[in-house]
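Residues per chain, in single letters:
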Amino acid sequence: QVQLVESGGGLVQPGGSLRLSCAASGSGFSIYAMGWYRQAPGTQRELVALITSGSSINYADSVKGRFTISRDNAKNTVYLQMNSLKPEDTAVYYCNANLALGFGLPRNYWGQGTQVTVSS
């Protein structure tokens, strides 16, 4: 059984910063990639940032230069440092992990989501 536990959301003023964390708990799994997605009301869930086990990183164009994704493999944890936040960053942020249990095929797992609100 794998569970993704997120933390770090909240309310912040425009221009402020937040740091999100997501830890994968359980055992007997191999993580191939971890990342963050977000979904604002009335929109589709979109990729924010992704980091692979080989440390390749992708960012959405809208967050490049403002957000930084990092990963602690020993802790099975991924972080998202969000700086220079804008009101349009307001959304529920979801952690995602692409991982395999034992010798199984990899599949996607999702966290419960954490609200990020950027408002004055």
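Our subject in this report is the structure included herewith. (Residues numbered from 1 in each chain as written. Predicted model: local features only at pLDDT ≥ 70, side-chain atom pairs only at ≥ 80, totals over all residues. Heavy atoms only, no water.)

Quick look at the sheet that holds strand β7 (residues 67-72) now. Pairing is antiparallel across the open sheet formed by four strands, whose spatial order is β1-β3-β8-β7. One side of each edge strand has no neighbouring strand; the edge strands of this open sheet are β1 (3-7) and β7. If you compare each strand with its neighbour and ignore which way they point, the axes differ by 15 degrees on average. Here β1 runs beside strand β3 (residues 18-25); their pairing, made up of five bridges, is antiparallel. Its bridge partner being in β3, V5 is matched across the sheet by A23. (Pairing = 2+ DSSP bridges. Helix = DSSP H or I, 4+ residues; strand = E, 2+ residues; numbered from the N terminus. Axes fitted to C-alpha atoms, helices over the stretch in contact; angles between N-to-C directions.)

All chains considered together, the criterion is met by one aromatic pair. A cation sits over an aromatic face here: R45 above Y94, 3.7 Å from the ring centre. Sitting over the face of the ring of W110, R45 holds its NZ or CZ atom 4.7 Å from the ring centroid. (Phe/Tyr/Trp six-rings, centres within 6.5 Å; stacked < 30°, edge-to-face > 60°. Lys NZ or Arg CZ within 6 Å of the ring centre and 35° of its normal.)

Turning our attention to the pattern of salt bridges. The full count for this structure, using the stated rule, is four salt bridges. The residue E46 makes a salt bridge to R38 at a minimum N-O spacing of 2.7 Å. A residue is classified by how much of its surface remains accessible, and E46, at 36% relative accessible area, is partly exposed. For R38, a relative accessible area of 6% translates into the label buried. Note that R38 is salt-bridged to D89, the shortest N-O span being 3.0 Å. Here the residue R38 occupies a position in strand β4 (residues 29-39), and D89 occupies one in the loop between β8 (77-82) and β9 (91-101), the gap between them amounting to 51 residues. Residues R38 and D89 agree in their burial class; the two are buried. (Salt bridge = Lys/Arg side-chain N within 4 Å of Asp/Glu carboxyl O. Buried < 20%, exposed > 50% of the residue type's maximum accessible area, 1.4 Å probe, protein only.)

So, on to the nonpolar core. If you look at the biggest cluster of nonpolar residues, it comprises 30 residues, and the most contacted ones within it are W36, V48, F67, V78, L80, M82 and Y93. Of all the secondary structure elements, the ones that give two or more residues to this core are β3, β4, β5 (46-52), β7, β8, β9 and β11 (114-118). Ranked by residues supplied to this core, first place goes to β9 with five residues. (Core = buried A, V, L, I, M, F, W, Y, C linked by side-chain atoms within 4.5 Å.)

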